[in-house]
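Secondary and tertiary structure notes
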Amino acid sequence: MSERLEPGDTAPAFTLPDADGNEVSLADHKGRKVIVYFYPTALTPGCTKQACDFTDNLAVLATAGYDVIGVSPDKPEKLAKFREQEDLKVTLVSDPSKEVLTAYGAFGEKKLYGKTVTGVIRSTVIVDEEGKVERALYNVKATGHVAKIIKDLGI
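Residues numbered from 1 in each chain as written. Predicted model: local features only at pLDDT ≥ 70, side-chain atom pairs only at ≥ 80, totals over all residues. Heavy atoms only, no water.

Re the overall build of the protein chain
As a reminder, the rule being used: Numbering goes from the N terminus for both helices and strands, where a helix is a DSSP run of H or I of at least four residues and a strand is a run of E of at least two. Taken over C-alpha atoms, the radius of gyration is set against a globule rule of 2.2 Å times the number of residues to the power 0.38. Buried residues are those whose accessible area, probed at 1.4 Å on protein chains only, stays under 20% of the maximum for their type, while exposed residues exceed 50% and partly exposed ones sit between those limits. Note on contacts: a residue pair is in contact if any heavy atoms of the two residues lie within 4.5 Å. Note on areas: Shrake-Rupley with a 1.4 Å probe; residue coverage comes only from the protein chains shown. Note that His is not counted, nor are the chain ends; the positive residues are Lys and Arg, and the negative ones are Asp and Glu. By convention, the point assigned to a charge is CZ for Arg, NZ for Lys, CD for Glu and CG for Asp.
Broken down by element type, the protein chain carries five helices and nine strands. Reading the helices (α) and strands (β) of the protein chain from amino to carboxyl end gives β-β-β-α-α-β-α-β-α-β-β-β-β-α. A compact globule built from 155 residues would reach a C-alpha radius of gyration of about 15 Å, and the protein chain, at 14 Å, matches this within 12%. In terms of principal-axis extent, the alpha carbons of the protein chain reach across some 40 × 35 × 30 Å. The 155 residues of the protein chain split such that 50% are buried. Looking at the protein chain alone, contacts between residues at least 24 apart form 64% of all its contacts between residues at least 6 apart. Approximately 7,700 Å² of the protein chain is accessible, and the part contributed by carbon and sulfur atoms is 51%. Across the protein chain, the 20 positively charged side chains and the 23 negatively charged ones have centroids separated by 7 Å.

Okay, structure coming up:
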């Protein structure tokens, strides 16, 4: 089980390929707040709902100074298909080694249909302008999560 992040922790640095194979680093966003969300699999109902909710609220979040990065173990080709099929505007990055997922506490044991399995824990980490964890939310629900973040952040 990976360690969960706490407010005040330094957000683990990462550089991962996006849907087009371009490298995206957390460091590229220094000076802006970043919502890094972790989801199990592209092109599944819950993950699609969550990605569409972030896309629908991207302008509101950007205006409030937040960038959004979605992380999953999917390969860039699948992320590209996901983006095209759902007309997503959020940055999606690929972490097939699950190193970043693990570093953020978003990979480990979880309950799925009453069974304990190892996999991606749907999580959201909000990183401040200095690269520190502002909030770390684990085992979040796909539906209604974005609205809750916006409400909790007072946006």
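Thoughts on the side chain of Asp-74
How we decide: Polar contacts, as counted here, are pairs of nitrogen or oxygen atoms within 3.5 Å of one another; within protein the pair requires one atom able to donate a hydrogen and one able to accept it, and residues that are adjacent in sequence qualify only if both atoms are side-chain atoms.
One can find Asp-74 in the loop between strand S4 (66-72) and helix H3 (76-86). For Asp-74, a relative accessible area of 8% corresponds to the buried category. Separated by 2.6 Å, the side chain of Asp-74 and the backbone nitrogen of Ala-42 make a polar contact.

A look at the packing of aromatic side chains
Our working definition: Note on ring pairs: Phe, Tyr and Trp rings are taken, using the six-membered ring of Trp, and paired if centres are within 6.5 Å. Classes follow the plane angle, with under 30 degrees stacked, over 60 edge-to-face and the rest tilted.
Inspection of every chain in the model, using the stated rule, returns five aromatic pairs. Look at Phe-14 and Tyr-104: their rings are 6.1 Å apart centre to centre, the planes differ by 70 degrees, and that puts the pair in the edge-to-face class. One end of the pair, Phe-14, is in the segment before strand S1 (15-17); the other, Tyr-104, is in the loop between helix H4 (99-103) and strand S6 (107-112), and 90 residues separate them in sequence. The residues Phe-14 and Tyr-104 share a single accessibility class, namely buried. Considering the side-chain rings of Tyr-37 and Phe-54, the 4.4 Å spacing of their centres and the 25 degrees angle between planes classify their relative orientation as stacked. Of the two residues, Tyr-37 sits in strand S3 (residues 33-38) while Phe-54 sits in helix H1 (residues 45-56), which places them 17 residues apart along the sequence. This pair shows no difference in class: Tyr-37 is buried, exactly as Phe-54 is. These aromatic residues form a ring-pair network of at least three members: Tyr-37, Tyr-39, Phe-54 and Phe-82.

Considering the nonpolar core
Stated precisely, the cut-off is as follows: Among buried residues, the Ala, Val, Leu, Ile, Met, Phe, Trp, Tyr and Cys ones that are joined through side-chain atoms within 4.5 Å form a nonpolar core.
Core analysis: the biggest nonpolar cluster contains 23 residues, and Ile-35, Tyr-37, Tyr-39, Phe-54, Val-68 and Leu-92 have the highest contact counts within it. Among the elements of the structure, S3, H1, helix H2 (58-63), S4, H3 and helix H5 (145-152) are those that each provide at least two residues to this core. When neighbours within four sequence positions are excluded, Leu-92 is seen to be in contact with Pro-17, Asp-18, Ala-19, Tyr-37, Tyr-39, Gly-70, Leu-79 and Phe-82.

Details of the packing of H1 against H5
Put simply, the rule is: Here an angle of 0 to 180 degrees is reported between the N-to-C directions of two axes, which are lines fitted to C-alpha atoms, with helices fitted over the stretch in contact. For this classification, under 35 degrees means roughly parallel, over 145 means roughly antiparallel, 65 to 115 means roughly perpendicular, and everything else is oblique. Residues are sorted three ways: Asp, Glu, Lys and Arg are charged, Ala, Val, Leu, Ile, Met, Phe, Trp, Tyr, Cys and Pro are nonpolar, and all the rest, Gly among them, are polar.
Packing of H1 against H5 brings their axes to within 8 Å, and their N-to-C directions diverge by 40 degrees. Here H1 lies oblique to H5, going by the angle between them. Two secondary-structure elements touch here, H1 through Gln-50, Asp-53 and Phe-54 and H5 through His-145, Val-146 and Ile-149. Looking at the contact of H1 with H5 residue by residue, the classes come out as three nonpolar, two polar and one charged.

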